[in-house]
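A closer look at the structure
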Amino acid sequence: MTDTSLDFRVAREDLTRFMQAALAAAGANQVSADAVTRALVTASRMGTDSHGLRLLPHYLQALEGGRIKGSPDMHFHQRLAATGFLDADDGLGHLAGYTAMEHAMAMAETTGMGAVAVGNSSHFGAAGCYALAAAKNGYLGMAFCNSDPFVLLHDGSRPFHGTNPIAFAAPVAGESPYLLDMATSSIPWNRVQQYGAIGRELPDQVAANGAGEVSRDPGEVAALLPLGGSAFGFKGAGLGGMAEILSSTLSGMQHGFRLLPMGGPDMSTPRGVGHFFLAMKPDAFTEAGTFARGLADYLADLRAQPAADGAEVLAPGDREWRCQARRDVEGIPLDSANQIAYADIAEQFGIAPLSQLGLRLV
């Protein structure tokens, strides 16, 4: 996302402290608050505001309503040498995600690969955060999740799959990781809400109204189109199904069509979201250093390819790392809707408002 029409920014350290204070006031223990803050700030630093700071009010509401436990008793059950199941005990999905990836990496260190299915979890924000956690430790990482229905099937007339994200990250020697984080819908549902909050029109071929007709008005959107739009949506629908099977079926959870909606109105009943995480140790497949050299060559060749007029060829993650570097210096922007939401949080929980800490741009 580009930072347009924004005149208020906050340093990531101040945003972190604010989030942790709000989460603690809503009943989250320290490890849960740390995990949520880590994920949300990571996403917003990279420019993924739809899955970053914008989500804090929702998690606070779910904690206060009892849908999510602030102090869960998560249990990991290792099934085989490289597989396991994490029961998230209806805790915050961010803690479940980072915990599961830690277990996956531990198994990968000894067996070359580690895979963890997660059940009884909740919304975990941006899937890329957990793939990135693996890459920053030298592993290839993948993360998948299901959600309640927002996305039409190809040629379908009502939502069936969730946005069901897929994330993949790889370590790059001397550089920031390669990072792919994508919804299997044309756009994530949070992007519709974000555009609606700031009065921005949606791109074409990404969303539909209640009649199943393509619409660019966030206010009338009732469903998202699968990746590929109305013509090639069978590709996105197929990928959404793959993410669903890995996330819910493998973990024994209900598939997304049967989940309670993320947005309520029931904020007291746990939803039972499923996730799936995979970590791979590159040097378990070839001689030490082979993967690192090959990936460096690949990325150098990719970035050297000619671009269309006025454009630039980028590898997945390049745009995010540029945004992160800029926001670490200039601050993380809050649009007008988030400024109001965070002011309300400060008043509700007796926290010093971000308006006292923000950096006004000129």
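Quick caveat: nothing in here was measured; it's all calculated off a predicted structure.

**Quick look at the nonpolar core**
Leu-86, Tyr-98, Met-101, Val-116, Val-118, Tyr-130 and Phe-277 are the most contacted members of the largest nonpolar core, which has 39 residues in total. Top contributing element to this core by residue count: helix 4 (residues 93-111), with nine residues. Ignoring anything within four residues of it in the chain, the contact list for Val-116 reads Phe-76, Gly-84, Leu-86, Ala-100, His-103, Ala-104, Met-107, His-275, Phe-276 and Phe-277. Among the nonpolar cores identified, the runner-up in size contains 32 residues, and Ala-22, Leu-40, Leu-63 and Ile-332 belong to it.

**Brief notes about the packing of helix 3 (residues 56-65) against helix 10 (residues 336-349)**
Helix 10 packs onto helix 3 with a crossing angle of 35° between their chain directions and a minimal axis gap of 10 Å. Across the interface between the two elements, Leu-56, Pro-57, Leu-60 and Glu-64 of helix 3 pack against Ala-341, Tyr-342, Ile-345, Gln-348 and Phe-349 of helix 10.

**Comments concerning the packing of aromatic side chains**
For the structure shown, the criterion picks out ten aromatic pairs. Their ring planes at 25° and their centres at 5.3 Å tell us that Phe-18 and Tyr-342 sit as a pair that is stacked. Placement of Phe-18 in helix 1 (residues 12-25) and of Tyr-342 in helix 10 is noted, with a sequence separation of 324 residues between them. Taking the relative accessible area as the measure of exposure, Phe-18 reaches 3% and is therefore buried. Here a set of aromatic residues connected by ring pairs shows up, and it is made of Tyr-98, Phe-124, Tyr-130 and Phe-277. The positively charged end of Arg-38 is found above the aromatic ring belonging to Tyr-98, 3.8 Å away from the centroid.

**Some words on the side chain of Asp-90**
When you line up the elements, Asp-90 lands in the loop between strand 3 (83-87) and helix 4. Put simply, Asp-90 is tucked away with no salt bridge, and the nearest opposite charge, on Lys-69, sits 4.7 Å away.

**A word on unusual backbone geometry**
Here the amide bond leading from Gly-264 into Pro-265 is cis, since omega sits at 15°, within 30 degrees of zero. Structurally, the position occupied by Pro-265 is in the loop between helix 7 (229-249) and strand 12 (273-280). The backbone of Asn-120 shows a phi angle near 55°, a positive value even though the residue is not glycine. The residue Asn-120 is located in strand 4 (residues 113-121) in this model. Relative accessible area serves as the criterion here: at 25%, Asn-120 is assigned to the partly exposed category. In this model, Asn-164 sits at a positive phi of 35°, which is unusual for a non-glycine residue.

**Some details on helix 7**
Over its 21 residues, helix 7 runs only 26 Å from end to end, short of the ideal 30 Å by more than 12%, given 1.5 Å per residue. Along helix 7, the residues classified as buried are Gly-229, Gly-233, Gly-236, Ala-237, Gly-240, Gly-241, Ala-243, Glu-244, Ser-247 and Ser-248. If you follow the buried residues of helix 7, they end up packed against strand 4, strand 5 (140-145), strand 7 (159-161), strand 8 (166-170) and strand 12.

**Quick notes on the environment of Ala-170**
As for its placement among the helices and strands, Ala-170 is situated in strand 8. With relative accessibility at 3%, the residue Ala-170 sits in the buried group. A C-alpha to C-alpha distance of 7.7 Å links Ala-170 and Gly-138, two positions 32 residues apart in sequence. If sequence neighbours within four positions are ignored, Ala-170 has contacts with Ala-135, Leu-140, Pro-177, Tyr-178, Phe-291 and Leu-295.

**Digging into the sheet that holds strand 4**
What the seven strands build is an open sheet, ordered 2-3-4-12-5-8-9; its pairing is mixed. Unpaired on one side and paired on the other, strand 2 (75-80) and strand 9 (178-182) mark the two borders of the sheet. Averaged over all neighbouring strand pairs, the angle between strand axes comes to 15°, with direction disregarded. Strands strand 5, strand 8, strand 9 and strand 12 of the sheet are contacted by helix 5 (residues 128-135), whose axis makes an angle of about 20° with strand 8.

**A few points about the pairing of strand 3**
Of the two faces of strand 3, the one lined by Gly-84 and Leu-86 is fully buried and the one lined by Thr-83, Phe-85 and Asp-87 carries no buried residue. Across five bridges, the pairing between strand 2 and strand 3 is antiparallel. The partner of Leu-80 across the bridge, within strand 3, is Thr-83. Here strand 2 folds back onto strand 3 in antiparallel fashion, the turn holding two residues. In this structure, strand 3 lies alongside strand 4, joined through five bridges in parallel fashion. The partner of Leu-86 across the bridge, within strand 4, is Val-118. At this point the chain moves from strand 3, through helix 4, to the parallel strand 4, and the crossover so formed is right-handed.

**A short note on the pattern of salt bridges**
Counted by the stated rule, this structure contains 13 salt bridges. With a shortest N-O distance of 3.7 Å, Glu-330 and Arg-9 are connected by a salt bridge. Here the residue Glu-330 occupies a position in helix 9 (residues 318-330), and Arg-9 occupies one in strand 1 (residues 8-10), the gap between them amounting to 321 residues. Take Glu-330: its relative accessible area is 34%, and that puts it in the partly exposed class. For Asp-89, the salt bridge goes to Lys-69, with nearest N and O atoms at 2.8 Å. On the criterion of sequence distance, the pair formed by Asp-89 in the loop between strand 3 and helix 4 and Lys-69 in the loop between helix 3 and strand 2 is long-range, its members being 20 residues apart. You can call Asp-89 buried: its relative accessible area is 19%. When its relative accessible area of 36% is taken as the criterion, Lys-69 is described as partly exposed.

Quick notes on the rules
- Residues numbered from 1 in each chain as written.
- Predicted model: local features only at pLDDT ≥ 70, side-chain atom pairs only at ≥ 80, totals over all residues.
- Heavy atoms only, no water.
- Core = buried A, V, L, I, M, F, W, Y, C linked by side-chain atoms within 4.5 Å.
- Buried < 20%, exposed > 50% of the residue type's maximum accessible area, 1.4 Å probe, protein only.
- Helix = DSSP H or I, 4+ residues; strand = E, 2+ residues; numbered from the N terminus.
- Contact = heavy atoms within 4.5 Å.
- Axes fitted to C-alpha atoms, helices over the stretch in contact; angles between N-to-C directions.
- Phe/Tyr/Trp six-rings, centres within 6.5 Å; stacked < 30°, edge-to-face > 60°.
- Lys NZ or Arg CZ within 6 Å of the ring centre and 35° of its normal.
- Lys, Arg positive; Asp, Glu negative; His and termini not counted.
- Salt bridge = Lys/Arg side-chain N within 4 Å of Asp/Glu carboxyl O.
- Expected span 1.5 Å × (residues − 1).
- Pairing = 2+ DSSP bridges.
- Right-handed = clockwise from strand over helix to strand, strands pointing away.

All quantities given are derived from atomic positions and should not be read as evidence of function.
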